[in-house]
Amino acid sequence: MRTYAIQTFGCQMNEHDSERIAGLLEDDGYERASTLEAADVMVLNTCCIRENADNKLYGALGRLKAVKAQRPGALIAVAGCLAQKDREIVRQRAGHVDVVFGTHNVHRAAELIEQARQHGPVVEILNETVRGDVEAFPSALPARREADHSAWVTIQIGCDNSCTFCIVPAVRGPEISRPFGELVAEVRALAAEGISEITLLGQNVNSYGRDLALLRRGSTSGPNPAAGAGENGHRKATGDAIVERSAWTVAGAVGNARREAADDAWWCGPAWPDDRRARPLFADLLRAVGEIDGIRRVRFTSPHPKDLRPETIAAMAEAPAVCEHLHLPLQSGSDAVLRAMRRGYTAQRYLERLRAARAEVDDLAVSTDIIVGFPGETERDFEQTLEVAAEARYDSAFTFIFSPRPGTAAADMEARFVPHDVSVNRYERLRRVIERSSRLANEARIGRIEEVVVEGPSKKDPAAATGRTRRNTLVHFPSPNGECPAPGTYAQVEITESAANFLQGQLIAVEQPAAEHSAGRRRIPVAAAAG
């Protein structure tokens, strides 16, 4: 039996891609190896967004060169954003790599690996994803999920923004949204499998569906999934759209007008035919997936502040399954820097939208991304970032020192680069502001009883369990009888202590499903469970 292992670099999008690569390989007969070095196929799924991405990849490839020398029959594959960007350079720098594929052909992972086994090294990079190519979306592929209770659902790929520091549009392409009906059907299927928590993924989830609405408005028939059905279940549409119509059909007897409305609902959701504006559909999607039986938690990442609309905030407030957590990347608190970044909002507009979200969504936790040392950032610019961060009172933040990405506009601003020692100093000053607000936010949870979904034993203490609240805060608590509740168990935990990055508490009760894959649950007090 051949084995595989995957090392994933970077973001949740990459982690989701890795799940799909694993699913494809297991469908092809592979088993998961215990370590990367022990596998017959070693996959490095790369990211070029984070700092030192190149060094991390080529450092890992250097270590695997010795493995390859000892086991010449083993294969090394490099996938993801850095592969998309570097293309043939990967094999020029590391000739022992067998397969290189990018972000637009994840679905061909198993085929390319077998091709390399039979015929030698292969590099296959596609320049873009064709709209309607079902397999281009990771969620359309088989998966080997790391958790049985939670799942990612890709709602769009690519990005239409032009942030000067970001490589994503170059390696992921323009925004393409999946049909509304297809997403709802997928989440229903996940719920039927016992999944209770989903995270909707996209580079800019708030703009989800705008492209679909434009397509439907752009012609009398729009992209018509009912046209050109084939035996394989795919339906060719006018233009370049192809979509698989699983679990949804248009009744043949209805008239043209009714058929058109039904197609509108498939592509853009049941509310859109009554409001045919070229608008984002994300708020409608939140409500729809939040109403599916068995789904208890809905998360999403990442939104763009310029596209955070009142209807999305209202959906967060009114759909019970949508979690009280908003990741809203600030990037900078200086209007001058935001203009240089091409972010499309001012610091004041950002804070207004943040205030609107907190006013509508009860008990909302907010996290963010901030870059320090962006080219041209002055001390006054940075002080404005500190002021906005203090006013925003973030629960947590991902903070980065600017690192130029080849192929981005910011990488060409070399004459305005901020000295590294200045950036490090600013980074530490920002970290202290963020840590202060995080500590205060977590201290305010002491004494509360939080719903926590168990993720597994604590890495530092196997006798303790770790889980997350609806607000996405990590919680550690002693396991009953020293045995960690199964991952996916919902528990009531009283918070007793706090730190900047986590909470600690005591288990009050656990919930167990009334029946397998049932949304009905019953609460078991800890004393009863222990007895």
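Structure report, in brief. (Residues numbered from 1 in each chain as written. Predicted model: local features only at pLDDT ≥ 70, side-chain atom pairs only at ≥ 80, totals over all residues. Heavy atoms only, no water.)

1. Considerations on the pairing of strand 15 (residues 365-372)
Thought 1: For strand 15, the buried fraction is high: eight of the eight residues fall into the buried class.
Thought 2: Residues Ala365, Ser367, Asp369 and Ile371 of strand 15 are buried on one face, and the alternating residues Val366, Thr368, Ile370 and Val372, pointing to the opposite face, are buried as well.
Thought 3: Sheet analysis places strand 14 (residues 325-327) next to strand 15, joined by three bridges and oriented parallel. Paired with Leu326 across the two strands is Val366, which belongs to strand 15. (Buried < 20%, exposed > 50% of the residue type's maximum accessible area, 1.4 Å probe, protein only. Helix = DSSP H or I, 4+ residues; strand = E, 2+ residues; numbered from the N terminus. Pairing = 2+ DSSP bridges.)

2. Quick word on helix 10 (residues 282-290)
Thought 1: Among the nine residues that make up helix 10, eight are buried, leaving the element largely enclosed by the rest of the structure.
Thought 2: All of the buried residues along helix 10 are Phe282, Ala283, Asp284, Leu285, Leu286, Ala288, Val289 and Gly290.
Thought 3: As for helix 10, its buried residues are in contact with helix 7 (180-192), strand 10 (197-201), strand 13 (297-301) and helix 11 (310-318). (Contact = heavy atoms within 4.5 Å.)

3. What about the sheet that holds strand 14?
Thought 1: Read across the sheet, three strands follow the order 14-15-16 without closing on themselves; strand pairing throughout is parallel. Looking at the sheet topology across the chains shown, the edges are occupied by strand 14 and strand 16 (396-401). In this sheet, adjacent strand axes meet at a mean angle of 10 degrees when their direction is disregarded. (Axes fitted to C-alpha atoms, helices over the stretch in contact; angles between N-to-C directions.)

4. Some remarks on the pattern of salt bridges
Oppositely charged side chains can pair when the atoms bearing their charge come close.
Thought 1: Evaluated as defined, the whole model comprises 40 salt bridges.
Thought 2: Of the charged contacts in the structure, one is a salt bridge between Arg2 and Glu114, with a shortest N-O distance of 3.5 Å. Within this pair, whereas Arg2 is found in the segment before strand 1 (3-8), its partner Glu114 is found in helix 5 (residues 109-119), the two being separated by 112 residues in sequence.
Thought 3: By relative accessible area, Arg2 is classed as partly exposed at 38%.
Thought 4: Take Glu114: its relative accessible area is 25%, and that puts it in the partly exposed class.
Thought 5: The salt bridge partner of Arg431 is Glu428, with a shortest N-O separation of 3.0 Å. With Arg431 and Glu428 both in helix 15 (residues 420-443) and three residues apart, this pair spans about one turn of that helix.
Thought 6: With a relative accessible area of 33%, Arg431 lands in the partly exposed category.
Thought 7: Under the relative-accessibility criterion, Glu428 is labelled partly exposed at 29%.
Thought 8: Salt bridges sharing common partners tie together Glu197, Arg296, Arg297, Arg299, Glu451 and Glu511. (Salt bridge = Lys/Arg side-chain N within 4 Å of Asp/Glu carboxyl O.)

5. Digging into helix 5
Thought 1: Every buried residue of helix 5 is listed here: Ala109, Ala110, Leu112, Ile113 and Ala116. Seen from one end, helix 5 has its buried residues packed into an arc of 165 degrees, which puts them on one side. Those residues of helix 5 that are exposed and aimed more than 90 degrees away from the buried face are Gln118 and His119.
Thought 2: Considering only its buried residues, helix 5 is in contact with helix 1 (12-27), strand 3 (41-46), strand 4 (75-80), strand 5 (99-101) and strand 6 (122-124).
Thought 3: Positive phi appears at Gly120, one or two residues downstream of helix 5, with a value of about 105 degrees. (Arc of directions from axis to C-beta.)

6. What to know about the side chain of Thr469
Thought 1: Its place among the elements puts Thr469 in strand 18 (residues 464-469).
Thought 2: For Thr469, a relative accessible area of 2% corresponds to the buried category.
Thought 3: Within the structure, the side chain of Thr469 is placed 3.1 Å from the backbone nitrogen of Arg471, a separation counted as a polar contact. (Polar contact = N/O pair within 3.5 Å; in protein donor to acceptor, adjacent residues only side chain to side chain.)

As far as function goes, none of this settles anything; it's purely spatial.
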